[in-house]
Amino acid sequence: MGDKMTIINTEYMRCLLRKRFSPPEWALMEEVAPSTGGGTGYADAVAMNLWKSRGHVVYGFEIKISRGDWQRELKKPAKAESVFSYCDGWYVVTPAGIVKDGELPATWGHLELHGSKLIEKVKAPKLSAKELDRPFFASLMRRGFENLDQIAELKQRQAIYEARAEIDARVENEIRQRTRGHEKLQEAVKEWEGATGLKFDTYGGPSKRIIQMAQKLDDIHHRYSSLHGDTGFGYLASVAEDLSRAAEIVRTALSGAEDKKG
């Protein structure tokens, strides 16, 4: 839900039931009547286990969001009896604090909202469920088929939500990288200004050619230092002396050649 405040309502609790009792193990039908002819005694949801190893158990659910809603349910315990009789277990599903100690009927279990999950606070006792007859089976099938379009829409919404979340994450990552690159550039400029005493935006320093010559001299310095262990600028004096001697030899040779011509 991100940083937004979660709205706890019946639809939100239904979503949590869908997650807890989801395929391929479960089939969850909502607003189930005892038959396709309608009548009274709807259950907010019915879940049937689809695995043979689990005995194809059937659970019924009543969702109660408020304390008042729960108290009204307690005053009419037979309201969902027609669907209740087909179930192997029956649960009331509520936010925390709705059901007080000692209020839960002996034949009911309790799923309570904690964080973003439904926790089984009280396990539903095993009931003596009657066999599913054709009217109730037809009611389950009707709800199952009606839910197909709803499930498809929910999946589409979820896919759109995930795609948007991925795009938002990529954009945020790109912004973060570019911001970090800008910060590094600012740090480098600040370091350069501190070392040179100059302002980068008003810099009128030497030309590119002079800078390249300085870089070459610096490269010569590092090579000379690695060979002779000289970490100062003595290598420049040595180079100057070598060049001076070479120049003197060239001038002497040229002078001798002029004397011979004369």
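Residues numbered from 1 in each chain as written. Predicted model: local features only at pLDDT ≥ 70, side-chain atom pairs only at ≥ 80, totals over all residues. Heavy atoms only, no water.

## Points about the pattern of salt bridges
The cut-off we apply is this: The salt bridge criterion pairs a side-chain nitrogen of Lys or Arg with a carboxyl oxygen of Asp or Glu, the two atoms within 4 Å. Accessibility here uses a 1.4 Å probe with only protein chains present; expressed as a share of the type maximum, an area under 20% marks a residue as buried, one over 50% as exposed, and anything in between as partly exposed. Strands are runs of DSSP state E lasting at least two residues, helices are runs of H or I lasting at least four, and both sets are numbered from the N terminus onward.
By the definition in use, this model includes 17 salt bridges. Of the charged contacts in the structure, one is a salt bridge between Lys-64 and Glu-62, with a shortest N-O distance of 3.4 Å. The exposure classification of Lys-64 matches that of Glu-62, with both residues buried. Notably, a salt bridge pairs Asp-88 with Lys-126, separated by 3.5 Å at the nearest N-O pair. A residue pair is termed long-range when its members are at least 10 positions apart, and Asp-88 in the loop between α3 (81–84) and β4 (89–94) and Lys-126 in the loop between β6 (117–122) and α4 (134–196) qualify at 38 residues.

## Description of the side chain of Asn-49
Here is the rule: Any two residues whose heavy atoms approach within 4.5 Å at even a single point are treated as in contact.
Looking at where Asn-49 falls in the secondary structure, it is placed in strand β2 (residues 43–49). Relative accessible area serves as the criterion here: at 1%, Asn-49 is assigned to the buried category. If near-sequence neighbours (up to four positions away) are discounted, Asn-49 is found in contact with Glu-25, Trp-26, Arg-54, His-56 and Val-57.

## Examining the sheet that holds β2
Backbone-to-backbone hydrogen bonds join strands into a sheet, with any given pair of strands oriented parallel or antiparallel. The cut-off we apply is this: Strand pairing is defined by DSSP finding a minimum of two bridges between the two strands. Lines fitted to C-alpha atoms define the axes, with helix axes restricted to the stretch in contact, and inter-axis angles between N-to-C directions lie between 0 and 180 degrees.
Overall, mixed pairing links the six strands, which are arranged β1-β2-β3-β4-β5-β6 in an open sheet. What marks the edges here is a single partner per strand, and that holds for β1 (26–32) and β6. Going across the sheet, the axis of each strand differs from the next one's by a mean of 30 degrees, ignoring polarity. When β1 meets β2, the two strands line up antiparallel, connected through six bridges. When the bridges of β2 are listed, Trp-26 appears paired with Asn-49. Of the strands in this sheet, β1, β2, β3 (58–63), β4, β5 (109–114) and β6 are in contact with helix α1 (residues 10–20), which crosses β1 at around 155 degrees.

## Some points on the side chain of Asp-44
As a reminder of what qualifies: His residues and chain termini do not enter the charge count, which takes Lys and Arg as positive and Asp and Glu as negative. Polar contact is the term for a pair of N or O atoms within 3.5 Å; when the atoms are in protein, one must be able to donate a hydrogen and the other to accept it, and sequence-neighboring residues count only if both atoms are side-chain atoms.
If you trace the backbone, Asp-44 turns up in strand β2. As a buried residue without a salt bridge, Asp-44 has its nearest oppositely charged side chain in Arg-14, at a separation of 4.2 Å. Side-chain polar atoms of Asp-44 contact the backbone nitrogen of Ile-63, separated by 2.7 Å. When residues no more than four places from it in sequence are discounted, the contact partners of Asp-44 are Arg-14, Met-29, Glu-30, Glu-31, Phe-61, Glu-62 and Ile-63.

## Topic: the pairing of β5
Among the six residues that make up β5, five are buried, leaving the element largely enclosed by the rest of the structure. As defined by bridge partners, β5 adjoins β6 across five bridges and the pair is classed as antiparallel. Looking at the pairing, His-114 lines up with Lys-117 of β6. Connecting the antiparallel pair β5 and β6 is a turn made up of two residues, with Gly-115 showing a positive phi of about 70 degrees.

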